[in-house]
Protein chains: 2
Amino acid sequence: MEHDGPAQGYRRWALKIEYDGTGLVGWQRQNNGLSVQELLEKAASRLAGDAPVMSATAGRTDAGVHASAMVVQLDLPEQDRLDARQIRDGISFHLKPHRVAVLEAAPASKGWHARFSAISRRYRYTILNRPTRAVLNADHVWHVRRPLDEVAMHEAARTLLGRHDFSSFRAASCQASSPVRTLDCLNVTRDGMLIYLDVEARSFLHHQVRNLAGSLQLVGSGQWPIDKLRTVLDACDRRKAGPTAPPEGLCLVGVGYLQDPFA
Amino acid sequence: MEHDGPAQGYRRWALKIEYDGTGLVGWQRQNNGLSVQELLEKAASRLAGDAPVMSATAGRTDAGVHASAMVVQLDLPEQDRLDARQIRDGISFHLKPHRVAVLEAAPASKGWHARFSAISRRYRYTILNRPTRAVLNADHVWHVRRPLDEVAMHEAARTLLGRHDFSSFRAASCQASSPVRTLDCLNVTRDGMLIYLDVEARSFLHHQVRNLAGSLQLVGSGQWPIDKLRTVLDACDRRKAGPTAPPEGLCLVGVGYLQDPFA
């Protein structure tokens, strides 16, 4: 059904949204807490005179994971004749006081789907590498006390680029039909006490970025030699890889489409 | 008393601390809420077996204002014989779950005082300049919806550099004996949707940085011509200047001494 266009009498919009995942159960509606999807659909519904609205996302982030530029589709009643600015500001207004807001809105072109039309996803994973725990950026970094060698991490990361079976970095709960993915980018850089893992692929397995971060941290701290990461990849065995890094360090920073829906 | 050295049986330490001012009443102890000073002294006292401890700061930040590198002095009982690392980690531990922590600790040299030995203070004021309210950096920026011209703001800022009577940018509550201050640096730069005001002086009047930010914003939005800022300065009248910008955009980012106490 998600593949289809909007229902009769509805118009599809592309939204770029920002959210702080702290305290939320993630993108997808669940019974055990507040989700970004529920908050967004409720706010949009209020803007649309309480009519039902349907949404789908380019990526289903987990509990505690953030997004600075997630793209979602939202099917709104055609009759409302709201313009892009009214939708951006109106939904953002009704989303208060939650830390979710709409950055951009644009009418979707025919056949466009937030998830199935996406050709790339970009994530940034941030590590705070210092003795003292996080303060000003708590909830947005993974605090790693042991000094990390970001050059070694970057070198190890390069061995994972390209098309591989990523079973070693895949959560048991992953529902994808294939463990094969193509990693287009995995850069490790340092800015003072912050270490950034910037990663891009057409799509990711469940927990793939956090599992990569957890293993790269073992390389950075010297517990693993640089070439071990490739050995772990080749093993196709989740038990060979490092721990899953915590969600708060992860942020979805971009979604790519053949044609930018907001251009 | 603050000018004096530590009391008998006490040893003075220099601490570099980071704190998130959200929900706190500021540095100074007050009856109406939690202060950084109270949190820090209580945590240090617990580390020192509940002995009384005394602290003083290089700058008394207001409610809601943050610090990434505030310097404070802390007089601890000599007998405890704690080393710098134990003090840094021990106080940070007892400060949990509050968003205050110790980044560095070092024994103070004779005669050193966190406030009176300081020769410069650096602040950064951050504006989020976009239509949508702040989300991921809410509590750490001033959201200004109207587009701002940071080049005009920088040009106006330059006219305030040097030694002046800053009465126009001084809070009525300011207790300084003179309104004359020397502004050594006031740079306005943009990084995407963020505008930074980086300012440095030997010392500041109460609300001086926030009052400068409030007036610079009027220049940036085109409500004031660039040369009006100098006219307002020359008037020596608080009523001529713009509004006081909100505290959450302000962060103390550094304190200078002739000799770095942590070197």
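Residues numbered from 1 in each chain as written. Chains lettered and ligands numbered in written order. Predicted model: local features only at pLDDT ≥ 70, side-chain atom pairs only at ≥ 80, totals over all residues. Heavy atoms only, no water.

Novice: Describe the relation of the copies chain A and chain B, with residues and values.
Specialist: Between chain A and chain B, which share one sequence, the superposing operator has a rotation angle of 180° and an axial displacement of 0.0 Å; the RMSD is 0.0 Å. The relationship between the two copies is best expressed as a two-fold rotation axis. Of every C-alpha in chain A, the one belonging to Asn137(A) sits nearest the axis of rotation, 4.5 Å from it. A symmetric contact is evident, with 100% of the interface residues of chain A recurring at the interface of chain B. (Least-squares fit on C-alpha atoms with pLDDT ≥ 70 in both. Contact = heavy atoms within 4.5 Å.)

Novice: Describe the confidence of the model for chain A, naming the residues involved and giving the relevant values.
Specialist: Averaged over chain A, the pLDDT score is 95; the fraction of residues at 70 or greater is 99%. Scoring the predicted complex yields pTM 0.94 and, for the interface, ipTM 0.92. (pLDDT = per-residue confidence, 0-100.)

Novice: An account of the environment of Asn32(B) is requested, with residue identities and associated values reported.
Specialist: Position of Asn32(B) among the secondary structure elements: in the loop between strand S1 (10-19) and helix H1 (36-47). When the C-alpha atoms of Asn32(B) and Lys110(B) are compared, they prove to be 35 Å apart, with 78 residues separating the residues in sequence. (Helix = DSSP H or I, 4+ residues; strand = E, 2+ residues; numbered from the N terminus.)

Novice: Provide a residue-level description of the pairing of strand S9 (residues 194-201) of chain B, including the pertinent values.
Specialist: Residues and elements named next belong to chain B. Burial analysis of S9 places seven of its eight residues in the buried class, which makes it a mostly covered element. When strand S5 (residues 118-129) meets S9, the two strands line up antiparallel, connected through eight bridges. Note on S9: the bridge partner recorded for Tyr 123 is Val 199. Sheet topology places strand S8 (residues 180-191) next to S9; eight bridges connect them, and they run antiparallel. Bridge pairing links Val 188 to Leu 197 in S9. Joining the antiparallel neighbours S8 and S9 is a turn of two residues, in which Gly 192 adopts a positive phi near 65°. (Buried < 20%, exposed > 50% of the residue type's maximum accessible area, 1.4 Å probe, protein only. Pairing = 2+ DSSP bridges.)

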